[in-house]
Amino acid sequence: MANYSYDEAGNMAAYFILTFLLIVLVPISLPTLSKSQSSSGCTCEECIQHRNQIRKLESGSVFSPKHHKKSLILVLGWGLFGFLAYKVATTENIVKVYNPFEILGLSSGAPLKVIKSQYKTMAKAMHPDKVKLAVNETIEAVEARFVEVTKAYKALTDETIRQNWERYGHPDGRQEISMGIALPKWVVEGKNSIWVLGAYGVIFGVALPFLVGNWWFGSRQKTKDGVNARSAATYFKMLSEDSGMDDVLSTLGKSYEWERPDVAISKKELTELEAAISEKLGDKWTTLRKNAEVDHGHERRRVAFDLLYAHLLRLPLSPSLQVEQAKTLVQSQALLSSLLNICISRNWLTPTLAAMRLQSYLAQGLNPGQTSLRYAQLPGISESESEELVHKYPLLADLIFSLEEKADDRAREVKKVASKWCKLDLVDASFQVIDDRVVTPSSIVYLVVKARLIPPTSGPVQSATEHAKNSEKRDQEFLASKKDMEDIPAQTSVSVTAHAPHWPANRKPAWWVVLADPKQGKVVVPPMRITDIPYAEADKPEVYRSYKLQFQAPPNVMSFPWRVYVISDTFVGEEVAQEITLRIDDLSVLEGQVVDEEDDISDPEEDSLAGQMAMMRGGSVKKRDDDSDEDDDESSTDDDEHQSDSSDSDSD
């Protein structure tokens, strides 16, 4: 019969809770530990102040600390883990395995002579009749100790008792089965039953159904991209094949109707903000508001749309509006991602490119669609000044040289930004097939894009195009791997924190690789988002990174004139486009051409000496052409006539 014993010291329950805490706390803690400020980002004054401001907002102040729910859970969880770990480490383990050698003070495997000698010595010293009781010591404890020594001696000398010990682990034979339950005893005590039942009722009757119901009804309202289903429906309804950047932005603004239900801004602040935007945009603002349908009671949509354009126009806001604007901007990333997926699902090129380019305008806080404002991304250069400078200095390096020549105070900060500017160099873009040099119908094809970054102030850099085209071994190893991005060498420098002082968070630059058919306005395959592009090194043309995009070739034998776009999601105007043609060849025709070429080279002619010998050995030879046969016939006829004439003359 089993004898159940509860965990008196609570050790078993502590081990169970420690295991559960580790399973929960470690996955939550790892992303938090991985967040660190990188020193390889932009070092201009605007970016340094921006990062310090973000750090203060995240941590709060001494008098007004900002505690996130996640941080509070981590602190409490690891505190409980430390307490339980200390409790387990300092609790004495009372469970001991019966060992007669240990009881007699002998090492395992001691000979019988030594066992008997040790027992006689201990029996004389520990016999109850000869032991004088110490303070707080009872005769029962002395007798129990003597019995334990006697049992240990018999377990090692008596055959039957020794067998019991070896089989059952005890000299008295089979004992009761004791099963421990990982519950402290106070949990099952009668006086605490009402509290235990109440806790079970709250956990399983109230909390668990509430969490499951909240998750279920919340997930039904969300798409796989994490946006409201009605927002996704708005994207499907409002976007078209010809939607431009303003249309994409208006559609984005509509989705905040369901994404930000708790926005609360005073009407006075909202009216003043709209007046400032109208002063900047003029009649265009009326058209934008009409397209976004922000009036007629759509207050939350109206607020979000106003905050987006206030950011794009770099309008000053009150502290309360800045907080709401930051939340709106950060949320726009998930919404744009969902919008982009809907455009890609329909293979629409124009709205796809517009959604990608809009991300860079939001990152830099510039009015969408105006590439003449790209110098306004630099410190100290206004939007009105940017239009003039872009026309006068198309290259950023020329602008920096001009500022330094004029001893402009802004030259130093602009140069700092330019030293880490993510200007992409598309080293090579090609279609490749594993272990083959041609693309056949319906084969698996990889678009391999090789890229690096060349900041305007980096100086002359050796071209990497020739090295990229001759790196066949490197390409085949990358194609054979399962990774979409090539591994980066350990000492290679990559950009981590981009220059984006108007974005409400630290921003890591990324690029979209799009393979499209510009004539039909279609996206060929879903785009790929790439990051961690290395900076070029002057004397190392091999420093670049390869990225691959897999798709299945069309089933038709023909050529497809396509285009590769590489679009930055952080820097306005940094975009590369390259024409690329996918040629589909018929493998059977190619093999026939190769065989014919080999036959023409290797087979001897039929009427040659080598051909006669080949025919005798059963080999293949070239057949004579018709012209050559006719020439041979004519020559033979002429010979016959000549011979007949000569015979006639002889007879005469």
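Residues numbered from 1 in each chain as written. Predicted model: local features only at pLDDT ≥ 70, side-chain atom pairs only at ≥ 80, totals over all residues. Heavy atoms only, no water.

A. Spotlight on the overall build of the protein. Along its length, the protein carries 24 helices and ten strands. Sorting the 652 residues of the protein into buried and exposed places 37% on the buried side. Long-range contacts, defined as pairs at least 24 residues apart, comprise 66% of the intrachain contacts of the protein with a sequence gap of at least 6. Here the protein displays about 38,800 Å² of accessible surface, and carbon together with sulfur accounts for 55% of that area. (Helix = DSSP H or I, 4+ residues; strand = E, 2+ residues; numbered from the N terminus. Buried < 20%, exposed > 50% of the residue type's maximum accessible area, 1.4 Å probe, protein only. Contact = heavy atoms within 4.5 Å. Areas by Shrake-Rupley, 256 points an atom, 1.4 Å probe, with all protein chains shown as cover.)

B. Representation of the sheet that holds strand E4 (residues 444-453). Strand order in the open sheet formed by three strands is E3-E4-E8, and the pairing between neighbours is antiparallel. Two strands bound the open sheet, and with one partner strand each, they are strand E3 (424-432) and strand E8 (545-552). Pairs of neighbouring strands in the sheet enclose a mean axial angle of 20°, with direction left out of account. Pairing of E3 with E4, which is carried by eight bridges, proceeds in the antiparallel orientation. Opposite Leu426, over in E4, you have Ala451 as the bridge partner. (Pairing = 2+ DSSP bridges. Axes fitted to C-alpha atoms, helices over the stretch in contact; angles between N-to-C directions.)

C. Seen up close, the packing of aromatic side chains. Taken as a whole and assessed by the stated rule, the structure comprises eleven aromatic pairs. Aromatic side chains Phe305 and Tyr309 sit 5.2 Å apart centroid to centroid with 65° between the ring planes, which places their arrangement in the edge-to-face category. Of this pair, Phe305 and Tyr309 both sit in helix H14 (residues 299-312), four residues apart, which is roughly one turn of the helix. For Phe305, a relative accessible area of 0% gives the class buried. Classification of Tyr309 as buried rests on a relative accessible area of 0%. Summarising the aromatic geometry, the rings of Trp421 and Phe571 are spaced 4.6 Å apart at their centres and angled 55° between planes, so their arrangement reads as tilted. (Phe/Tyr/Trp six-rings, centres within 6.5 Å; stacked < 30°, edge-to-face > 60°.)

D. Structural context of the UniProt feature "transmembrane region" (unreviewed entry) in the protein. Here the UniProt-annotated "transmembrane region" (unreviewed entry) positions come out as residues 12-30, 71-89 and 194-217. Regarding residues 12-30, the helix share stands at 100% and the strand share at 0%, and the terminal C-alpha atoms are separated by 27 Å. Structurally, residues 71-89 comprises 100% helix and 0% strand, and the distance from its first C-alpha atom to its last is 27 Å. (UniProt positions renumbered as here; feature names shortened; annotations may be inferred.)

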